[in-house]
Amino acid sequence: MGGVERRRLGHDFNGPDYGGFGCGPGQAIDNSRATGWSSTTGDDNGDPTNHFVPKHITVDLGRAVDVSGFGVDPSATCGDGPSASTGDYTIATSPDGTTWTDASSGTFTSDDLGRINLVTPVAGSDSVRYVRFTIRGNQTPGFATSCPGGSYAGCSYSDLSELEVYGSPTP
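All values reported here derive from a predicted model rather than from experimental measurement. (Residues numbered from 1 in each chain as written. Predicted model: local features only at pLDDT ≥ 70, side-chain atom pairs only at ≥ 80, totals over all residues. Heavy atoms only, no water.)

(A) Broad picture of the state of the cysteines. In the structure shown here, the tally under the stated rule is 2 disulfides. Two residues share a disulfide in this structure: Cys 23 and Cys 78, whose sulfurs sit 2.0 Å from each other. Handedness here is read from the sign of the S-S torsion; for Cys 23 and Cys 78, about -125°, the answer is left-handed. Placement of the pair is Cys 23 in the loop between β1 (10-13) and β2 (37-40) and Cys 78 in the loop between β3 (55-73) and β4 (88-94), with a sequence separation of 55 residues. (Disulfide = S-S within 2.5 Å. Helix = DSSP H or I, 4+ residues; strand = E, 2+ residues; numbered from the N terminus.)

Pasting the structure below:
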């Protein structure tokens, strides 16, 4: 069976759950770029700090998949400004939810917003059951010096509009 694997069976995450506002982690894996996941950048209250605390979502694909790529729309969502968009990221994969391999990492910029960006795994693409997407930084200019005194949305929030996993079930 070839093509795109779109099963979205379960997820785990850190940070607060804004699902009651339509901005929970499930909205990053709902096949809609009109919704997305919003989390905090510092503490779980969203208090602006000048220290970024990475936030992650872990997706259980429900079965082993040979991954050919990932689709990511790093755009801000939930009414947050563009500075809350995902910047620095890591995508890790696991066959068992315990042992993780960094499949890809990099930085999204304003040129990547508003569309699905194809990310090719450089490792850990065979027999993947779990995918963890970690926001390691957002697109707030000069985060360490701009926050907490800055007026950027990214001083309080970090967002991801969509995460897709492409591949085929492992035979």
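(B) Quick look at the packing of aromatic side chains. With the rule as written, the count across this model stands at 5 aromatic pairs. Ring geometry for Phe 52 against Phe 143: centres 5.6 Å apart, planes inclined by 75°, an arrangement best described as edge-to-face. On the criterion of sequence distance, the pair formed by Phe 52 in the loop between β2 and β3 and Phe 143 in helix α1 (residues 143-146) is long-range, its members being 91 residues apart. When sorted by exposure, Phe 52 lands in the same class as Phe 143, which is buried. Relative to Phe 108, the ring of Tyr 89 has its centre 4.5 Å away and its plane inclined at 20°; by these criteria the two rings are stacked. With Tyr 89 in strand β4 and Phe 108 in the loop between β5 (101-107) and β6 (117-119), this pair connects stretches of sequence that are 19 residues apart. Assigned by exposure class, Tyr 89 and Phe 108 land together as buried. Chaining the aromatic ring pairs together yields one cluster made of Tyr 18, Phe 21 and Tyr 157. (Phe/Tyr/Trp six-rings, centres within 6.5 Å; stacked < 30°, edge-to-face > 60°. Buried < 20%, exposed > 50% of the residue type's maximum accessible area, 1.4 Å probe, protein only.)

(C) Highlighting the pairing of strand β7 (residues 128-135). Taken together, the 7 bridges between β3 and β7 define a ladder with antiparallel strand orientation. Across the sheet, Val 59 pairs through a bridge with Val 131, a residue of β7. In terms of strand pairing, β4 meets β7 through 6 bridges, oriented antiparallel. Within β7, the position partnered with Tyr 89 by the bridge is Ile 135. (Pairing = 2+ DSSP bridges.)

(D) Structural detail: the environment of Thr 170. Inspection of the secondary structure puts Thr 170 in the segment after β9 (162-169). Taking C-alpha positions, Thr 170 is 19 Å from Thr 58, a pair spaced 112 residues apart along the chain. If sequence neighbours within four positions are ignored, Thr 170 has contacts with Ala 64, Val 65, Asp 66 and Ser 127. A distance of 3.4 Å separates a polar atom in the side chain of Thr 170 from the backbone nitrogen of Val 65. (Contact = heavy atoms within 4.5 Å. Polar contact = N/O pair within 3.5 Å; in protein donor to acceptor, adjacent residues only side chain to side chain.)

(E) The arrangement of the pattern of salt bridges in detail. On inspection of all chains with the given rule, the structure shows 3 salt bridges. With a shortest N-O distance of 2.9 Å, Arg 33 and Asp 73 are connected by a salt bridge. Taken as a pair, Arg 33 in the loop between β1 and β2 and Asp 73 in strand β3 lie far apart in primary sequence, 40 residues in all. With a relative accessible area of 42%, Arg 33 lands in the partly exposed category. Assessed through its relative accessible area of 2%, Asp 73 is described here as buried. With its nearest N and O atoms 2.6 Å apart, the salt bridge here joins Arg 129 to Asp 60. Of the two residues, Arg 129 is situated in strand β7 and Asp 60 in strand β3; the sequence distance between them amounts to 69 residues. (Salt bridge = Lys/Arg side-chain N within 4 Å of Asp/Glu carboxyl O.)

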